[in-house]
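Read off the chains here:
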Amino acid sequence: MKFVIVFVALFALAFAAPAEEVQLLRSESDVGPESFKYISETSDGTKTEAEGHLTNPGAENEAIAVRGSYSFVADDGVTYTVTYVADENGFQPQGAHLPVAPQV
């Protein structure tokens, strides 16, 4: 359930509509019973891609592991990119603009 909430939040962030009309330039997806993959790109410079697969199918600890990225052009004109993994260890984003926790 946490994955769905995180995924929807990221999807909404990536596709938040700016004041101008945005055109979908590319959209590809392949969804199967135990995996998925998608790629999309819009005219405002937003790009998203992810692929996921079912881990431990049929087991009590069955889950979806996802690896992906999204990028967008911010109001300052800079393109920001976030790569991430979302699995049994939670959502783990990485990006040059994101703070990094100190090593303990």
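Whatever comes next refers back to the structure up there.
Since the structure is predicted, the reported quantities are computational estimates derived from the model, not experimental observations.

Before going further, it helps to spend a moment on the sheet that holds strand S4 (residues 63-73). Paired through their backbone hydrogen bonds, the strands of a sheet run either parallel or antiparallel. With respect to topology, six strands assemble into an open sheet ordered S1-S2-S3-S4-S5-S6, the strand pairing being antiparallel. Each edge of the open sheet carries a strand with a single partner, namely strand S1 (24-31) and strand S6 (90-94). Neighbour-to-neighbour, the strand axes of this sheet turn through a mean angle of 10 degrees, independent of strand direction. With five bridges connecting them, strand S5 (residues 79-87) and S6 associate as antiparallel partners. Note that in S6 the partner of alanine 86 across the bridge is phenylalanine 91.

This next bit is on the environment of serine 40. Along the chain, serine 40 turns up in strand S2 (residues 35-42). Classification of serine 40 by relative accessible area gives buried; the value is 7%. Along the chain, serine 40 and leucine 24 lie 16 residues apart, while their C-alpha atoms are 7.7 Å from each other. Of the polar contacts made by the side chain of serine 40, one reaches the side chain of threonine 48; its length is 2.5 Å.

Quick notes on the rules
- Residues numbered from 1 in each chain as written.
- Predicted model: local features only at pLDDT ≥ 70, side-chain atom pairs only at ≥ 80, totals over all residues.
- Heavy atoms only, no water.
- Pairing = 2+ DSSP bridges.
- Helix = DSSP H or I, 4+ residues; strand = E, 2+ residues; numbered from the N terminus.
- Axes fitted to C-alpha atoms, helices over the stretch in contact; angles between N-to-C directions.
- Buried < 20%, exposed > 50% of the residue type's maximum accessible area, 1.4 Å probe, protein only.
- Polar contact = N/O pair within 3.5 Å; in protein donor to acceptor, adjacent residues only side chain to side chain.

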